[in-house]
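For reference, the chains in residue letters:
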Amino acid sequence: MEMPSLRPSPTALLNPCADPIFKILFTDESKESNIALTSFLTDIIGKKVSNVVLQPNELSGEAVTDKQSEFDINCKIDGKIVNIEMQGLNKDNHFGKRAEYHVSHLFNHYVTKGLDWTLAPQAFQISVLNFIFDDSEEDCISHYLMKNQNGRIIAGMLNVIFMELPKIEPVSDDISLLTPVQMWGKFFLYASNPAKREFVEKLAERNRGIKMAVTVLKNISQDEINWYHETRYWMHVSDEKTMLNEAKRKGIAEGIKQVAQNAIKAGLPAEQIAKLTGLTVDEINKLK
């Protein structure tokens, strides 16, 4: 018996915000995929790049105790090494540390012992974030470098770039007003949305890289295995969010319980503690 397709309809497109699809989109063995990746890097870095060559995605450490790195898209450009990834969750609010680790590991891996420092490549950690990393910044793209207290850059070798999709979503869909980075953000957000299909096609007319990305997305959406990978990814995201929210709920409950116990020790009446914590009098009496 033939299994039903995971593809919602014959024209449905995969979602590039899903980590495995984002990876396939830019590493597919096609000319269109390479052009899309080259154009994306040019728009994100802000400088013309060429000769993009994909590299192994797993970097080993120098010792067995070193933390390993597995990248989504690892590539080399003339004088630059780049890791690109799509990230859906800021787990434990530690993504900044993770990004700094990745860019330093990337740089360390490609700077071999005895290398002339003038030949050392710039390292770029580029992350497309489906969450807000810094709500104090309005720009959807942020470029981080090592600087001193007066803003002087040491050497510009370690570069971390964050592209925050939630900051792009509310931006007007007037294509004439969109920057290249915002165009890519709109593509990632809208590519799988049938209601936005016409808008994405117009984006493709304006941006050659996005045009190539749309072509690749249409091709890889024909493959059932890619729909399986996307489905598994969203299940994983749901599991992660559920665990995080449950941990928060338990933490809040434990905090309220501790407040109530402290209030009991201080001699406050149960009725007053109930108003303070939201617990019932019976629940408070059980804590005594």
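Below is a short write-up of the structure. (Residues numbered from 1 in each chain as written. Predicted model: local features only at pLDDT ≥ 70, side-chain atom pairs only at ≥ 80, totals over all residues. Heavy atoms only, no water.)

Brief notes about the overall build of the protein chain
No. 1: A count of helices and strands for the protein chain gives 10 helices and eight strands.
No. 2: For the protein chain, the C-alpha radius of gyration of 24 Å lies well beyond 19 Å, the compact-globule estimate for 288 residues.
No. 3: C-alpha atoms of the protein chain, sized along the principal axes, occupy 75 × 60 × 45 Å.
No. 4: Put simply, the protein chain has 288 residues, and 40% of those count as buried.
No. 5: When the accessible surface of the protein chain is split by element, carbon and sulfur atoms take 52% of a total near 16,800 Å².
No. 6: Looking at charge distribution, the protein chain has the averaged site of its 33 positive side-chain charges lying 3 Å from that of its 38 negative ones. (Helix = DSSP H or I, 4+ residues; strand = E, 2+ residues; numbered from the N terminus. Rg over C-alpha atoms; globule rule 2.2 N^0.38 Å. Buried < 20%, exposed > 50% of the residue type's maximum accessible area, 1.4 Å probe, protein only. Areas by Shrake-Rupley, 256 points an atom, 1.4 Å probe, with all protein chains shown as cover. Lys, Arg positive; Asp, Glu negative; His and termini not counted. Charge placed at Lys NZ, Arg CZ, Asp CG, Glu CD.)

Focus on the environment of Asn245
No. 1: Take Asn245: it is sitting in helix H8 (residues 224-265).
No. 2: In this structure, the C-alpha to C-alpha distance between Asn245 and Leu54, residues 191 residues apart in sequence, is 37 Å.

Here's the deal with a positive patch on the surface
No. 1: Side chains of Lys31, Lys48, Arg208 and Lys211 sit close together on the surface and give a patch of like positive charge.
No. 2: Within the element layout of this structure, Lys48 appears in the loop between helix H2 (31-45) and strand E1 (53-54).
No. 3: Residue Lys48 is classed as exposed on the basis of its relative accessible area, which comes to 75%. (Patch = residues over 30% accessible without salt bridge, like charges linked within 9 Å, V, L, I, M, F, W, Y side chains within 5 Å. Salt bridge = Lys/Arg side-chain N within 4 Å of Asp/Glu carboxyl O.)

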